[in-house]
Amino acid sequence: FSLVMALAMSVRSRRACQMFFPLLFLCSSFCVSVSSLPLSPSSSGIALNSTLGHTLLISSSVVTTTTVMNHFDTQVTQSFCSVATSATILNALAANAASQGRAVAVPVDPVYSPYRYYTQRNILEDIPCVATVKTHNGAELDAQFIALHGATLDEWSQYLKCHADVVQKHHARSGGVGEFRAALERAYGAQPSGELVAVNFDRKGVEEFGGGHMSPLAAYHKDAESGDEHVLLLDVSRYKYPPVWLPVEELYDAMATLDSTSGLNRGFVVVSARAEGSDVAVGITTEASTTKATELKAQYACLEKKEAARWDGMLACLDGGGTAIMSSSQTSRSAAMSPTSAGVLGGFFGFVVGGALAYTYASLVGRRRVSRAFAALQYAGDVDVDIP
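The notes below deal with the structure included here. (Residues numbered from 1 in each chain as written. Predicted model: local features only at pLDDT ≥ 70, side-chain atom pairs only at ≥ 80, totals over all residues. Heavy atoms only, no water.)

### Some words on the nonpolar core
Within soluble globular proteins, side chains that are nonpolar generally end up buried alongside one another. Selection criterion: Residues belong to a common nonpolar core when they are buried Ala, Val, Leu, Ile, Met, Phe, Trp, Tyr or Cys residues joined through side-chain atoms within 4.5 Å. Note on exposure labels: buried denotes an accessible area under 20% of the residue type's maximum, exposed denotes more than 50%, and partly exposed covers the range between, all computed with a 1.4 Å probe on protein chains only. Strands are runs of DSSP state E lasting at least two residues, helices are runs of H or I lasting at least four, and both sets are numbered from the N terminus onward. Residue contacts are counted whenever heavy atoms from the two residues lie within 4.5 Å of one another.
Judged by nonpolar contacts, the single largest core of 70 residues is most densely connected at Tyr159, Phe180 and Leu217. With ten residues, helix H5 (residues 81-99) is the largest single contributor of residues to this core. Aside from chain neighbours lying at most four places away, what touches leucine 217 is Val68, Phe180, Leu184, Tyr188, Val197, Ala198, Val199, Val231, Leu232, Leu233 and Leu251.

### Details of H5
Rules: In a helix, the anticipated span is given by 1.5 Å times the number of residues less one.
The terminal C-alpha atoms of H5 lie 27 Å apart, and with 19 residues this matches the ideal 27 Å at 1.5 Å per residue to within 8%. Judged by how many residues are buried, H5 sits mostly within the fold: 16 of 19 residues are covered. Positive backbone phi, approximately 80°, marks glycine 101, located one or two places after H5.

### Thoughts on the packing of aromatic side chains
The description of an aromatic ring pair rests on the distance of the ring centres and on the angle between the ring planes. Rule in force here: The aromatic pairing rule takes the rings of Phe, Tyr and Trp, using the six-membered ring of Trp, and pairs them if the centres are within 6.5 Å, calling planes under 30 degrees apart stacked, those over 60 edge-to-face and the rest tilted. Here, a charge over a ring is recorded when the distance from Lys NZ or Arg CZ to the ring centre is within 6 Å and its angle to the ring normal is within 35 degrees.
Considering all chains together, one arrives at two aromatic pairs under this definition. Aromatic pair phenylalanine 180 and tyrosine 252: ring centres 6.0 Å apart, planes at 35°, arrangement tilted. Within this pair, whereas phenylalanine 180 is found in helix H9 (residues 177-188), its partner tyrosine 252 is found in helix H10 (residues 248-255), the two being separated by 72 residues in sequence. When sorted by exposure, phenylalanine 180 lands in the same class as tyrosine 252, which is buried. Ring centres 5.1 Å apart and planes at 45° place the aromatic pair phenylalanine 180 and phenylalanine 268 in the tilted group. Remark: phenylalanine 268 occurs in strand S9 (residues 267-272) and phenylalanine 180 occurs in helix H9; sequence separation between them is 88 residues. Relative accessible area serves as the criterion here: at 0%, phenylalanine 268 is assigned to the buried category. Against the face of phenylalanine 72 rests arginine 238, its NZ or CZ located 4.1 Å from the ring centre.

What follows is the structure, encoded as structure tokens:
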């Protein structure tokens, strides 16, 4: 893929450009499957599943680290990194509070009802406070906004405040690593403060593929002899990068990068649980069980329908016992075609159409605009709006 890309971008004639792009699409279809496994960490990073990674973990604050890892979430779309990070730290904070006998208000997602648990859905949905968040383009902040734009550090910290106390929102700057280090020592030191830290950084700053990104931190380690400092980053793009120990200063430098959407540097947030009344507890709710029984009957009745055999139909049934959202025509077509034949036919059709579009596009706009388009596509995953 890289070879074809380099050749295509180096040619100067439109004719040659037209010849290379169909080949590029063919190559990329194979490369996607080859590179689908999680990528390797940076040269300065230490993989958590390595011997040294385990050693660093053992010598860290075990309670805080394991609590965060117990609730480690994967972003549901490639622009939901801030929401997945929020779900991870909010659930960890709630669990910590519950273990200390403190009550924290946690919403209920219909899929998991009657159990209270933060999800990437209920963090944004039906929360009046979230709708009041000021966004960079004046639109209302909701799931659609995040899916389309991701979030800046300011937008992220604002909707986090709807669920917890944002103790600190810090835009990283040159020479300001001391504040980051102090936050890490408070949250993950020998006597944890009960706060958690999450970061907004540029992947390129830690030798990773992509653009702006958010993820939670789970541990901090400082070597007593060498003074080397590392922080454990739990990348919510779990399909892309595994958990990794990164040098503190390197990660901070990756945060001290400009987000072109906000015009401000990226940075980090320090979050703590917000105490609520004692009548609110984490876990099973005390609402009338008869209501839940009725909902369960509706869900099971819906799940027995043929449409529920498809993933979307099944989720629609679990979503409050609603009717599956798949038409009978879609069901009959999917039943008539096996997964294998559908995949082969779909792949062939996608290649033909993609090649034709690339050829046409190259003819119309030439090499310069096409190269810009592919540069944008290169960073289309898990970005915080800042697409180079």
